[in-house]
Amino acid sequence: MEQYVIKGGRPLKGEVVISGAKNSALGILAAAVLSEEPVCIKNLPDIRDINVLLHAMENIGAVIERLDAHTVKIYSKNVHPMAVDDEYIRKIRGSYYLIGALLGRFKKTQVVLPGGCNIGSRPIDQHIKGFEALGAKVAIQHGMVIAEAPELSGSHIYLDIVSVGATINIMLAACLAEGQTILENAAKEPHIVDVANFLNSMGANIKGAGTDVIKINGVKKLHGSTYSIIPDQIEAGTFMLAAAATRGDIIIHNVIPKHLEAISAKLVEIGATVDEMDDAVHVVAPERLGHTHVKTLPYPGFPTDMQPQITTLLALSEGTSIVTESIYESRFKYVDELSRMGASIKVEGNTAIVDGVNRITGATLCASDLRAGAALVIAGLVAEGFTVVEQIEFIERGYENFEGKLKALGACIEKVDSGDERALHKFKLKVG
Ligand code: EPZ
């Protein structure tokens, strides 16, 4: 196990380059198994979740050729439809995209379901609703999803809840079905559009991705493709808020500013400046930042995956802010950790009342999930003294070289083995 040790108090300054989008890449990698022809995927983030999914795909017969840390060639000719229980598939939620892809290609599949999550129960009833509407029989037995259909036929599906995963999984299952599928109340996140663009580059016929009505006209076969993943809007947003929290001045390269609008708007509301360029944003924060109200919503609303980060920023801004989490039922667990640093946040149900404070002090903290972990690192960058963030494997699931990118922006942060007191002491001596 490893941990981050951070000495707070230094504003982030300089430039950082954003990696490919984790939540696009998971859907796109799974989609690659829909074709028997080779597929080349570029701008993959070099993170744990992606590497786990690639291993899981190898375990069902895909041949993965790594051209470099961010580029893979995938040969799926010999893939078989039974993604049975293996250590990799159960580790990440994104593996459930293999259900839609394998069902779409083979009309049958068996995939082990991922375990629970620290941010709330994450059912897949809407995924199953879509598969059944296409003609599949779906059962959940012994922790596996078993789906089979004599054939898959287009259908008119109305999602009861806006679901990123269900939207992507149904697109995967429908693109080789007979006839047209209309998916209503679809999610509109940038990664939905990215997966649809990738599928269309393979010969699929999908229209309307990015709106709440997606039309998928089934085709006979999908051919190979070369495709580059879009930049990760959540990684970019995390660096934007880290810059603001540390009262820094950074330029964030390889972004699509449009995808960041909800985050930029909130930063401007509290007094930061955000200058948008073609593929970069420049964030500058003054000493005094104000308060605001935030409610997480499906895209283009404020992303739930940025909720822990903005709550941390507002804990260090003037005045009282309200943060409402409308997507998950328990995504405020990290607040207890911030309170141990001196933050003043009261959680009532799915709302956090954030009274800004002038200072917080370093402590030993425990990351409970990916985005909460990133928020605790942001708190450590600002806190007086030293902060240790444990269980950073959560953070490394979704952030490529997080401490390296922060260090390049002037942060005093090091990754050390948990319990390696000598390394901890050495870092403290080095930074003084
Ligand atoms: C994706 O999860 C992301 N993960 C999540 O990011 C993100 O928080 C979420 O979308 C919302 O944007 C990946 O893409 C791998 P949903 P997903 O289906 O698809 C409920 C991160 O930090 N729901 O849009 O699982 C669900 O419980 C992760 O990168 C059902 O009730 O999210 C949740 O309350 C965390 N039934 C809401 O809908 C279903 O069948 C939104 O979930 C599906 C979802």
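Anyway, here's the lowdown on the structure attached to this text. (Residues numbered from 1 in each chain as written. Predicted model: local features only at pLDDT ≥ 70, side-chain atom pairs only at ≥ 80, totals over all residues. Heavy atoms only, no water.)

Assigned secondary structure in the protein chain consists of 14 helices and 24 strands. By the compact-globule yardstick of 22 Å for 432 residues, the protein chain fits well, its C-alpha radius of gyration being 22 Å. On the principal axes, the C-alpha backbone points of the protein chain span a range of 65 × 45 × 40 Å. Per-residue burial over the protein chain gives 56% buried out of 432 residues. The contacts of the protein chain with a sequence gap of at least 6 include a subset with a gap of at least 24, amounting to 72%. Per element, the accessible surface of the protein chain, about 16,400 Å² overall, is 51% carbon and sulfur. A distance of 1 Å separates the average location of the 42 positive side-chain charges in the protein chain from that of its 51 negative side-chain charges. (Helix = DSSP H or I, 4+ residues; strand = E, 2+ residues; numbered from the N terminus. Rg over C-alpha atoms; globule rule 2.2 N^0.38 Å. Buried < 20%, exposed > 50% of the residue type's maximum accessible area, 1.4 Å probe, protein only. Contact = heavy atoms within 4.5 Å. Areas by Shrake-Rupley, 256 points an atom, 1.4 Å probe, with all protein chains shown as cover. Lys, Arg positive; Asp, Glu negative; His and termini not counted. Charge placed at Lys NZ, Arg CZ, Asp CG, Glu CD.)

Our focus in this paragraph is the layout of surface pockets. The calculated volume of the second largest pocket comes to roughly 360 Å³. Lining the second largest pocket are 20 residues; nearest its centre among them are Ala245, Arg247, Glu287, Asn358 and Val382. (1 Å grid on protein atoms, 1.4 Å probe; cavity = no way out; pocket = protein on both sides within 12 Å on 5 of 7 lines; lining within 4 Å. Points joined across faces, edges and corners; volume = space filled by probe spheres on them.)

This part covers the site of the ligand. Near the ligand there are 26 residues, and of these Gln126, Ser163, Val164, Asp305 and Ile327 occur at the shortest range. Within the contact set of the ligand, an oxygen atom lies 2.7 Å away from a side-chain nitrogen or oxygen of serine 163. Between the ligand and valine 164 there is a distance of 2.7 Å, counted from an oxygen atom to a backbone nitrogen or oxygen. Taking 820 Å² as the accessible area of the ligand by itself, protein coverage stands at 90%. For the shell around the ligand, the secondary structure elements donating two or more residues are α1 (22–31), α4 (125–133), α5 (164–174) and α11 (370–382). Here the shell around the ligand is built from residues that sort into 12 nonpolar, seven polar and seven charged. (Near = heavy atom within 4 Å. Polar contact = N/O pair within 3.5 Å; in protein donor to acceptor, adjacent residues only side chain to side chain. Nonpolar A, V, L, I, M, F, W, Y, C, P; charged D, E, K, R; others polar.)

Turning to the packing of α1 against helix α6 (residues 190–201), a few remarks are in order. The geometry of α1 relative to α6 is characterised by a closest axis approach of 8 Å and an angle of 25° between their N-to-C directions. The orientation of α1 relative to α6 falls into the category roughly parallel. Between α1 and α6 lies a crossing whose hand is right-handed. Facing α1, whose interface residues are Asn23, Ser24, Gly27, Ile28 and Ala31, α6 presents His191, Asp194, Val195, Phe198 and Leu199. (Axes fitted to C-alpha atoms, helices over the stretch in contact; angles between N-to-C directions. Parallel < 35°, antiparallel > 145°, perpendicular 65-115°, else oblique. Left-handed = near helix turned anticlockwise from the far one by under 90°.)

Turning to the pairing of strand β23 (residues 386–390), a few remarks are in order. Regular strands have side chains that alternate between both faces of the sheet. Across four bridges, the pairing between strand β1 (residues 2–7) and β23 is antiparallel. Paired with valine 5 across the strands is valine 388, a residue of β23. Remark: the strand β22 (residues 364–366)/α11/β23 crossover connection has right-handed handedness. (Pairing = 2+ DSSP bridges. Right-handed = clockwise from strand over helix to strand, strands pointing away.)

Another point: α5. With respect to burial, α5 is a largely interior element, 10 of its 11 residues being buried. Among all positions in α5, only Gly165, Ala166, Thr167, Ile168, Asn169, Ile170, Met171, Leu172, Ala173 and Ala174 are buried. The opening residue of α5, the one whose side-chain oxygen lies 3.5 Å from the backbone nitrogen of glycine 165, is serine 163.

The four strands are arranged β6-β7-β9-β8 in an open sheet whose pairing can be described as mixed. The sheet terminates laterally at β6 (82–83) and β8 (137–141), the two strands that pair on one side only. Bridging between β6 and strand β7 (residues 108–112) involves two bridges; their strand directions are parallel. Across the sheet, residue methionine 82 finds its bridge partner in β7, namely glutamine 110. Of the strands in this sheet, β6, β7 and β9 (144–148) are in contact with helix α3 (residues 97–106), which crosses β7 at around 165°.

Let's shift gears to the sheet that holds strand β11 (residues 180–184). As summarised here, the arrangement of the four strands in space is β10-β11-β13-β12, forming an open sheet in which the pairing is mixed. Edge positions in the sheet fall to β10 (156–158) and β12 (205–207), since each has one partner strand and no second. The average angle at which neighbouring strand axes cross in this sheet is 15°, direction not considered. Contacting β10, β11, β12 and β13 (213–217), α5 runs over the sheet at an angle of about 20° to β13.

What the rule picks out here adds up to seven aromatic pairs. The interplanar angle of 50° and the centroid separation of 6.5 Å between the aromatic rings of tyrosine 4 and phenylalanine 402 together place this pair among those described as tilted. Placement of the pair is tyrosine 4 in strand β1 and phenylalanine 402 in helix α13 (residues 402–408), with a sequence separation of 398 residues. When its relative accessible area of 0% is taken as the criterion, tyrosine 4 is described as buried. (Phe/Tyr/Trp six-rings, centres within 6.5 Å; stacked < 30°, edge-to-face > 60°.)

For the rest of this paragraph, the subject is the environment of glutamate 276. Tracing the sequence through the fold places glutamate 276 in strand β16 (residues 273–276). You can call glutamate 276 partly exposed: its relative accessible area is 45%. Distance from glutamate 276 to proline 286, taken between C-alpha atoms, is 18 Å for residues 10 residues apart in sequence. Those residues in contact with glutamate 276 that sit more than four places away from it in its chain are Pro257, Glu261, Ser264 and Val281.

Once that is clear, we can look at unusual backbone geometry. With an omega dihedral of 10°, the bond running from tyrosine 299 to proline 300 counts as a cis peptide bond. Mapped onto the elements, proline 300 comes out in the loop between β18 (293–295) and α9 (307–315). One non-glycine residue, histidine 142, lies in positive phi territory at about 50°. Along the chain, histidine 142 turns up in the loop between β8 and β9.

Attention now goes to the nonpolar core. Core analysis: the biggest nonpolar cluster contains 79 residues, and Leu29, Ile41, Met171 and Leu199 have the highest contact counts within it. Leu260, Leu338, Val357 and Leu376 belong to the second largest nonpolar core, which has 69 residues in total. (Core = buried A, V, L, I, M, F, W, Y, C linked by side-chain atoms within 4.5 Å.)

For arginine 288, the location among the structural elements is in the loop between β17 (280–284) and β18. Relative accessible area serves as the criterion here: at 60%, arginine 288 is assigned to the exposed category. For the pair arginine 288 and leucine 316, spaced 28 residues apart in sequence, the C-alpha to C-alpha distance is 9.4 Å. In this view, arginine 288 contacts Ile270 and Glu318; residues no more than four positions away in its chain are not counted. In this structure the side chain of arginine 288 is engaged in a polar contact, spanning 3.1 Å, whose partner is the side chain of glutamate 318.

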